[in-house]
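# Structural characterization, general
Below are the chains, spelled out letter by letter.
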Amino acid sequence: MWKKWQGFWLVLPSIVLVLVFVYGLIAQTFATSMAPLTRRTFAGNEQVVSPGGFDNYAQLLADERYQRALWNLLVLTIVFVGGTMLFGMLWALLLEKGVTAEGFFRSVYLFPMAVSFIASGTVWKWLLSPGIGDHEAIGLNRLFIMFGLPELQSRWWSDPGPFNMAAMAMPAVWQLAGYVMALFLAGFRGISEDQREAARVDGASEWRIYRHVLFPQLSPIALSALIIIGHMSMKTFDLIYAIAGQNNYVADVPATLMWVQLFSQRNAPVAAANATILLLIVALVVIPYLIYTNRTEKGGR
Amino acid sequence: MRFKTLVAVGMAGLLALTACGGGETTDDATGAPGSGQGTTSEGQDGGAGGEVGVFTWWAEGSEKAGLEALQAEFEKNYPNDTFINLAVAGGAGSNAKAKLEADLQNNNPPDSFQGHAGAELYDYIVADQLEPVNDVIDGLGGTDVFPENLLNLLTVDGNIYSVPSNVHRSNVVWVNPAVLDEGGVSHDAPADLDAWLADMETLKGAGVETPLAVGTAPWTQLHLFESVLLAELGTDEYNALFTDGDWGADGVRSAIDKYAQLLSYANTGGADDWPQATDMVIDGNAAYNVMGDWAVAQFAQRDKQEGTDYLYWPTPGTDGTFLFLADSFTLPKGAKNPEGAKDWLNTVGSAEGQLAFNLAKGSIPARTDVAPDEFPPYQQSAMESFKNDAFASSIAHGAAVQMAWSADISTAISKFWTDKDADSFHEGLKQAAESNR
């Protein structure tokens with residue numbers, strides 16, 4: 001009897017901790033998101049800040065600022081994921097062929113990942129400064145002027161247009177493309193040389209070897225990279241906070257907006273509703289992936 | 001057997017965790033050291049004893065120097081008490097307020113915390129997180145030593161909830177006269193916003209690319225906007241905006257238009273926060289910067305001389321009104337050492353404490369009985385205005401509006417900064433008033 005249960009006792013502490021500190025707090029957040037909130041104002045009135053129940057969600061979803069934040073998140077995620085996959089793959093391809101000093105280049109590409117978003121954000125804030133024209137351009141805009149390409153100057157993430165968050169993805173891509181490269185490189189190294197030899201003997205061109213022999217075997221890695229980068233992008237807070245500061249309308253994403261809602265607007269129910277929706281969005285991406293990997297692993301056995 | 005050992009370790013770990021949790025609750029129940037000792041009346045010789053944790057966002061520069069001066073005064077008057085500095089860095093207290101909020105929610109308040117006097121403290125008062133400090137204010141001299149309209153702002157339902165330490169003026173333009181000379185513009189303050197805008201046009205024509213410096217941080221823009229709003233509406237109508245005034249009024253709209261015109265003469269990037277914007281004036285890259293009077297410390301730090309290197313006026317159109325903000329200190333409910341905290345509040349409110357603190361910080365005393373002789377010329381002039389001018393409360397610095405309202409106004413400001421859409425800005429301001437007033 002004891003023997004049968006000892007495995008369970010072993011994992012019990014972590015189960016309890018996860019239940020309390022993950023699922024318990026998720027439940028608490030959801031409960032908070034349904035709460036009503038009224039506030040007595042300095043002018044002497046009672047203001048209904050949050051009506052309570054699912055009306056809180058309706059109010060949040062109808063908020064033009066929240067819609068803008070969701071749109072910003074979409075733009076950020078597409079450029080961030082696309083950029084890291086593109087550069088990660090490109091660098092992995094270059095290194096995979098066995099260049100001299102491969103270790104050196106690998107470190108060069110990986111190093112940005114060792115820097116925290118807050119630190120790199122402070123530098124990128126300066127690089128992406130929105131000032132245009134000789135009298136106030138600094139950072140990248142100044143560089144463009146020095147190279148005689150003043151028409152390339154941009155207001156970057158401060159641009160009022162709908163795609164300003166693409167600029168915000170630049171530092172994120174810079175930081176994490178090396179990580180994706182490492183994933184792909186490991187994938188390439190995991191494929192035995194025999195397969196390439198065999199393909200060459202069969203007369204396949206180098207392109208066809210990649211297209212039909214190597215890339216298909218990398219697809220699980222590509223999927224993992226996609227999910228890892230994608231969910232990082234959706235939860236991005238520190239980078240945007242460091243670059244745009246707090247309460248900056250153009251650069252809002254749900255995570256930064258939640259901070260504003262909780263600490264500046266002092267509206268815990270709406271902040272909790274925002275957090276719950278964010279969790280759902282991330283779950284929409286992650287759960288199918290978990291099911292998929294579960295199935296393929298079972299199939300592999 | 002090995003499994004059994006592992007199980008034992010696991011169980012021990014779980015037990016240790018529950019024990020930790022239990023330990024913390026007993027700590028809270030018995031209270032921290034110091035709470036039992038000083039239950040006698042305040043003002044006793046040597047102080048109540050124990051540790052006094054004081055929470056501020058004064059972690060750098062002149063603010064830090066001011067806090068240290070106040071700490072020295074406190075330790076001199078109350079040798080039994082131990083001062084604990086709980087300062088959290090970050091501009092205008094943005095990070096500090098989040099940390100404070102968490103501490104208050106967790107019933108772990110500091111013994112005293114800094115807050116902007118006025119509406120911003122109201123959130124804490126209605127949340128029942130502050131104790132009244134009427135006895136401290138009365139002990140210090142009440143309305144004999146503090147201006148009545150300042151105390152009125154701190155009074156809710158007949159109780160006063162904080163002790164003001166210092167006053168700042170928001171509507172000040174800092175001017176580089178050398179840049180004015182480039183365009184042949186007079187050194188005297190323009191009579192109103194239109195005259196000021198005309199001067200900027202002249203300067204721009206003379207090759208000054210950015211006559212006006214403004215930071216890209218939304219609060220620095222709000223800081224400029226509140227001056228413009230005051231200039232367009234006048235003191236009474238401006239103050240009414242926070243009680244029953246009409247945000248849809250033409251005056252508000254014309255303030256938005258004037259503000260937009262001002263921004264067209266300003267930099268669009270390059271200066272993140274107020275120090276960089278003020279530096280633009282110091283370095284001659286801009287002629288004007290509207291900033292609170294803490295900017296005077298920036299000029300002093302760079303060894304600039306008043307009159308020759310820099311000038312200051314009230315924002316054109318607001319002469320005769322003191323657009324003010326004030327810091328004050330509180331006594332949170334559940335403070336571990338309330339008597340020690342009262343010793344601290346007595347130091348903050350004393351004439352000596354205010355003299356030492358404000359000399360170092362560059363602000364002016366909230367008390368009116370501190371002699372101006374020892375202060376530098378700028379502060380002397382501000383003290384003179386503080387005594388004689390009409391009062392208006394700052395939006396950007398928590399005197400006029402609660403945090404939620406100022407957050408909504410900041411959002412509208414930061415949106416306008418990028419899209420320059422005056423209609424949607426006006427709509428945003430109206431909505432902010434509707435949902436927060």
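Residues numbered from 1 in each chain as written. Chains lettered and ligands numbered in written order. Predicted model: local features only at pLDDT ≥ 70, side-chain atom pairs only at ≥ 80, totals over all residues.

## A few points about the overall build of chain B
- When you go through chain B residue by residue, the secondary structure sums to 18 helices and 13 strands.
- Within chain B, buried positions represent 51% of all 437 residues. (Helix = DSSP H or I, 4+ residues; strand = E, 2+ residues; numbered from the N terminus. Buried ≥ 20, exposed ≤ 12 C-beta atoms within 10 Å, placed from the backbone.)

## As for the UniProt feature "domain: ABC transmembrane type-1" (unreviewed entry) in chain A
- Using the residue numbers shown here, the UniProt feature "domain: ABC transmembrane type-1" (unreviewed entry) corresponds to residues 70–291 of chain A.
- Secondary structure across residues 70–291 of chain A divides into 73% helix and 0% strand, with the first and last C-alpha atoms of the span separated by 26 Å. (UniProt positions renumbered as here; feature names shortened; annotations may be inferred.)

## Structural notes on the nonpolar core
- Within the largest apolar cluster, 171 residues are counted, with the highest numbers of intra-cluster contacts made by A:Trp157, A:Met168, B:Leu212, B:Ala213, B:Val228 and B:Leu345.
- Sorting elements by how many residues they give to this core places helix α7 (residues 165–190) of chain A first, with 12 residues.
- Domain assignment of the residues forming this core places at least three in each of domain 1 (50–167 + 325–382) and domain 2 (172–323 + 393–436) of chain B.
- Not counting residues up to four positions away in its chain, the partners in contact with B:Ala213 are B:Ala266, B:Asn267, B:Ala271, B:Ala277, B:Met280, B:Val281, B:Ala286, B:Tyr288 and B:Asn289. (Core = buried A, V, L, I, M, F, W, Y, C linked by C-beta atoms within 7 Å. Domains from an automatic or database assignment. Contact = placed C-beta atoms within 7 Å.)

## What about the interface of chain A and chain B?
- The partner chain B presents 38 residues to the 34 residues of chain A that form the contact.
- At the level of secondary structure, the elements contributing two or more residues to the side of chain A that touches chain B comprise α1 (2–33) and α11 (254–264) of chain A.
- Looking at the side of chain A that touches chain B element by element, the count peaks at six residues for α1(A).
- Considering only residue class, the side of chain A that touches chain B consists of 15 nonpolar, 15 polar and four charged. (Nonpolar A, V, L, I, M, F, W, Y, C, P; charged D, E, K, R; others polar.)

## A closer look at the UniProt feature "transmembrane region" (unreviewed entry) in chain A
Residues and elements named next belong to chain A.
- As recorded in UniProt, the sites labelled "transmembrane region" (unreviewed entry) are residues 7–26, 69–95, 107–127, 165–188, 209–229 and 271–292.
- Regarding residues 69–95, the helix share stands at 100% and the strand share at 0%, and the terminal C-alpha atoms are separated by 38 Å.
- Note that residues 209–229 is 100% helix and 0% strand, and that its end C-alpha atoms are spaced 27 Å apart.

## Let's talk about the domain arrangement of chain B
All names here are of chain B.
- Examined at the domain level, chain B breaks down into domain 1 (50–167 + 325–382) and domain 2 (172–323 + 393–436).
- In this structure, domain 1 and domain 2 have C-alpha centres spaced 28 Å apart.
- In this complex, domain 1 contributes 19 residues to the contact, which on the side of domain 2 involves 17 residues.
- Residue assignment for the side of domain 1 that touches domain 2 shows that the elements contributing at least two residues are α2 (61–77), α4 (119–126), β11 (321–330) and α16 (377–388).
- The greatest single-element share of the side of domain 1 that touches domain 2, amounting to four residues, is contributed by α4.
- Its residues assigned to classes, the side of domain 1 that touches domain 2 comprises 10 nonpolar, seven polar and two charged.

## Notes on the sheet that holds strand β9 (residues 288–290) of chain B
Residues and elements named next belong to chain B.
- If you walk across this open sheet you meet the four strands as β8-β9-β7-β10, and the pairing is mixed. Each edge of the sheet is formed by a strand with only one pairing partner; in this case those strands are β8 (212–213) and β10 (311–314).
- Sheet analysis places strand β7 (residues 172–175) next to β9, joined by three bridges and oriented antiparallel. Counterpart to Trp174 in the pairing with β9 is Asn289. (Pairing = 2+ DSSP bridges.)

## Focus: the packing of helix α3 (residues 64–96) of chain A against α7(A)
Residue and element names in this part refer to chain A.
- Running from amino to carboxyl end, α3 crosses α7 at an angle of 40°, the nearest separation of the two axes being 6 Å. On the basis of the axis angle, α3 is oblique to α7. In this structure, α3 meets α7 at a crossing whose hand is right-handed.
- A breakdown of the residues in the contact of α3 with α7 according to their chemical character gives 23 nonpolar, four polar and one charged. (Axes fitted to C-alpha atoms, helices over the stretch in contact; angles between N-to-C directions. Parallel < 35°, antiparallel > 145°, perpendicular 65-115°, else oblique. Left-handed = near helix turned anticlockwise from the far one by under 90°.)

## Considering the environment of A:Leu149
Residue and element names in this part refer to chain A.
- Inspection of the secondary structure assignment puts Leu149 in the loop between α6 (139–146) and α7.
- Under the C-beta neighbour-count criterion, Leu149 is labelled exposed, with 10 such atoms within 10 Å.
- On a C-alpha basis, the gap between Leu149 and Gln28 in space is 54 Å, while along the polypeptide they are 121 residues apart.

## Describing the pairing of strand β2 (residues 46–50) of chain A
All names here are of chain A.
- Pairing between strand β1 (residues 37–40) and β2: four bridges, direction antiparallel. Paired with Leu37 across the two strands is Ser50, which belongs to β2.
- Linking β1 back to β2 in an antiparallel pair, the connection comprises five residues, with Gly44 at a positive phi of about 95°.

## Describing helix α12 (residues 274–282) of chain B
Residue and element names in this part refer to chain B.
- For α12, the set of buried residues is Trp274, Ala277, Thr278, Met280, Val281 and Ile282.
- In this structure, the buried side of α12 is in contact with β7, β8, α9 (218–233), β9 and α13 (295–301).
- Following α12 by one or two positions, Gly284 adopts a phi angle in the positive range, close to 80°.

## Overview of the packing of helix α17 (residues 403–419) of chain B against helix α18 (residues 422–436) of chain B
Residue and element names in this part refer to chain B.
- In contact at an axis separation of 9 Å, α17 and α18 are set at 170° when each is read in the N-to-C sense. Considered as vectors, α17 and α18 are oriented roughly antiparallel to each other. In contact with Ala404, Trp405, Asp408, Ile409, Ala412, Lys415 and Phe416 of α17, α18 contributes Ser424, Phe425, Gly428, Leu429, Ala432 and Asn436.
- Grouping the constituent residues of the contact of α17 with α18 by class yields eight nonpolar, three polar and two charged.

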